Amino acid sequence: GFDVDGMKIKCRHDFAAEAAERREIFAARKPCDCLIRNGRVVNLFSGEILEHPVAVHRGIVLAFEELPAVESRDADGRFVAPGFADCHIHIESTML
């Protein structure tokens, strides 16, 4: 937990343990869950499409670099879009 203006806040998430686990992964002492190779990633700041490995652990993208992994997948040139959700609708199709 932590203290905010004298009020004790309990937190179930162990951020220190999570940070320690990530340090172990980046130091190559522990593997991440999955490494996706040969995928294309869009840099939203520059508009560039780059081929990068994507390291994923506990459902979170940790890095766009090669890290030791429990499982490896080949994206075969497909786009890797972590967290992408296409949530648009077409109003005209609901008028049928």
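Please read these numbers as outputs of a predicted model, since none were measured by experiment.

### A look at the pairing of strand β5 (residues 60-63)
For strand β4 (residues 49-57) and β5, the ladder comprises 3 bridges, and the chain directions are antiparallel. What sits directly across from Val 56, in β5, is Val 61.

### Describing helix α1 (residues 15-26)
For α1, which comprises 12 residues, the first-to-last C-alpha distance of 16 Å matches the rise-based estimate of 16 Å (1.5 Å per residue) to within 8%. Just downstream of α1 lies Ala 28, where phi reads positive at about 65°.

### Some remarks on the state of the cysteines
This structure, assessed with the given rule, holds 0 disulfides. Cys 32 takes part in no disulfide bond, and the closest cysteine sulfur, belonging to Cys 34, lies 7.2 Å away. Cys 32 sits in the buried class, given a relative accessible area of 0%.

### Some thoughts on the sheet that holds β5
Judged by pairing direction, the sheet is mixed, and its 4 strands sit side by side in the order β5-β4-β3-β6 without closing on themselves. The strands lining the two open edges of the sheet, one partner per strand, are β5 and β6 (69-74). With direction set aside, neighbouring strand axes in the sheet form an average angle of 35°. Each of β3 (32-42), β4 and β5 touches α1; the most contacted strand, β5, lies at about 45° to it.

### Quick look at the confidence of the model for the protein chain
Per-residue confidence for the protein chain gives a mean pLDDT of 83, with 73% of residues at or over 70. Model confidence for the protein chain, summarised as mean pLDDT per element, is weakest for strand β1 (residues 2-4) at 58 and strongest for β6 at 96.

### Describing a nonpolar patch on the surface
A contiguous nonpolar patch, built from Val 42, Leu 44, Ile 49 and Phe 79 and spanning about 420 Å² of accessible area, is present on the exposed surface. Here Leu 44 is to be found in the loop between β3 and β4.

### What about the pattern of salt bridges?
As a working rule, side chains carrying opposite charge can pair if their charged atoms are close by. Applying the stated criterion across every chain yields a total of 6 salt bridges. In this structure, Glu 24 engages Arg 29 in a salt bridge whose closest nitrogen and oxygen atoms are separated by 3.1 Å. Classification of Glu 24 by relative accessible area gives partly exposed; the value is 30%. Note that Glu 66 is salt-bridged to Arg 37, the shortest N-O span being 2.4 Å.

Cut-offs used in this document
- Residues numbered from 1 in each chain as written.
- Predicted model: local features only at pLDDT ≥ 70, side-chain atom pairs only at ≥ 80, totals over all residues.
- Heavy atoms only, no water.
- Pairing = 2+ DSSP bridges.
- Helix = DSSP H or I, 4+ residues; strand = E, 2+ residues; numbered from the N terminus.
- Expected span 1.5 Å × (residues − 1).
- Disulfide = S-S within 2.5 Å.
- Buried < 20%, exposed > 50% of the residue type's maximum accessible area, 1.4 Å probe, protein only.
- Axes fitted to C-alpha atoms, helices over the stretch in contact; angles between N-to-C directions.
- Contact = heavy atoms within 4.5 Å.
- pLDDT = per-residue confidence, 0-100.
- Patch = residues over 30% accessible without salt bridge, like charges linked within 9 Å, V, L, I, M, F, W, Y side chains within 5 Å.
- Areas by Shrake-Rupley, 256 points an atom, 1.4 Å probe, with all protein chains shown as cover.
- Salt bridge = Lys/Arg side-chain N within 4 Å of Asp/Glu carboxyl O.

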